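Chains, contacts and geometry: an overview
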Amino acid sequence: MCFYLFMILAVVGPARAANQWNYETVRNSGKFCPERDSCNFGRSSRGSLELDWKQRNCFCDQECSTYGDCCIDAKAFNADEQKENFNKFSCSELRQYGAVYMRTECLESWSLPNIRRACEDSTQNSDPVGSMPVTNKATGITYKNYYCAVCNHASSDVQFWKPRLECPTLQGYNSRFNNLTKSFLMDNLKFDKGQWGVEFDTIGVPVFHACYFDPFLPDVLEPKIRKCNSYSKTSSCPESYTENDTSELCESYTGLVFSDDQVFRNTHCAICNNVTTDSLICIKLEGRRMGFLDHFKPYSFAVLFDIDGSDGDQVGVTEKCFDGEIWDPFARKCRNVICGEEGRVFVEGKCYKKDEVPTTTTTTTTTT
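Residues numbered from 1 in each chain as written. Predicted model: local features only at pLDDT ≥ 70, side-chain atom pairs only at ≥ 80, totals over all residues. Heavy atoms only, no water.

The next point concerns the overall build of the chain. Counting its secondary structure elements, the chain contains 12 helices and 16 strands. Residues counted as buried form 45% of the 368 residues belonging to the chain. The long-range share in the chain, meaning contacts at least 24 apart out of those at least 6 apart in sequence, stands at 54%. As displayed, the chain offers around 20,400 Å² of accessible surface, 48% of which is attributable to carbon and sulfur atoms. (Helix = DSSP H or I, 4+ residues; strand = E, 2+ residues; numbered from the N terminus. Buried < 20%, exposed > 50% of the residue type's maximum accessible area, 1.4 Å probe, protein only. Contact = heavy atoms within 4.5 Å. Areas by Shrake-Rupley, 256 points an atom, 1.4 Å probe, with all protein chains shown as cover.)

Here the focus is the nonpolar core. Counting 64 residues, the largest nonpolar core has Ile72, Phe77, Trp110, Ile115, Leu165, Leu170 and Leu189 as the members making the most contacts within it. Sorting elements by how many residues they give to this core places helix 8 (residues 146–150) first, with five residues. When neighbours within four sequence positions are excluded, isoleucine 72 is seen to be in contact with Trp21, Asn22, Tyr23, Thr25, Val26, Phe77, Leu249, Tyr253 and Thr254. (Core = buried A, V, L, I, M, F, W, Y, C linked by side-chain atoms within 4.5 Å.)

Within the chain, histidine 153 stands out as a residue other than glycine whose phi angle is a positive 55°. Summarising the element assignment, histidine 153 is placed in the loop between helix 8 and strand 5 (158–160).

This part covers a nonpolar patch on the surface. Taken together, the side chains of Ile203, Val205 and Val207 define a hydrophobic patch exposed on the protein surface, amounting to about 280 Å² of accessible area. Relative to the elements of secondary structure, valine 207 occurs in strand 9 (residues 206–216). (Patch = residues over 30% accessible without salt bridge, like charges linked within 9 Å, V, L, I, M, F, W, Y side chains within 5 Å. Salt bridge = Lys/Arg side-chain N within 4 Å of Asp/Glu carboxyl O.)

A few words on the sheet that holds strand 3 (residues 134–136). Taken together, three strands build an open sheet; the order of strands is 4-3-5 and the sheet is antiparallel. The open sheet has two edge strands, strand 4 (142–143) and strand 5, and neither has a second partner. When strand 3 meets strand 5, the two strands line up antiparallel, connected through three bridges. Counted as the bridge partner of valine 134 is phenylalanine 160 from strand 5. (Pairing = 2+ DSSP bridges.)

Below is the structure:
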């Protein structure tokens, strides 16, 4: 009977302690930054674009539960959720936009290897459509590409970011001849030896002008993306560390602290990694070039392309794409981005030829 009671206490005890955590827990650690790591001090951010890591070391909004960056006294704080969600998202650096939270991996249960590879492998420069991020309009979660949305069962209501094609050396050409249009560029754009570009012959000598693709965030998605902090953080205790309470706290809330060139998720992570609280500070000291944002070049020749399930504004397109297809402006055709092959449909988690869909399936073609 005593042993049974001990087991109950062993299981319930830590959960009860977690429920009792509050900002006093951080104060008692020996290092705290109330204007940056508490929801009861300083200005509270209201929108996704106002969540500023330069001003805050954790956040207080409802979405912090999803992304695992809640302050310990946030209304949405739940220790178990914070522990589980902290590493669910990658912090991806994007030109013009900086660091953005993205899902870059499939669910562990996902069984189709071709889609997993398309999601998780490094970006393929040869495939602008397959490398564009997508954002789920319902949840606001951004995925590395459409395949990542598919293998996270979130592709039914996504919007593609737009491919922005920038050709730096074409600005001079266009200033001189003023004859470059989107359709003219598409007629001459090619992928050669690992590089996109266009080739012109103006003086009897062909010249290849290199071009580069970057994701461009549509205005309608701007309030939905969430900025992240791209610092490499220590967010767990060494396996040899034996103080369980500190280990649990380390993995269960966010309140960044800094020591020299080290970044810790919170003070408890610093303590269990043998860093004294006296050496911790609330702001990362950076040089002038640190955190520099690589903007689009305003004087380069650049073109935006639409990716959607219809014909968009593409020249020469006479029909819309079917469900589960998007318009690929570079291949100039509707493209099955789920199965990767024309003439196939995605039904109940598998790809089939249209005339080979099993009659036992219970749902119609879907993009999820």
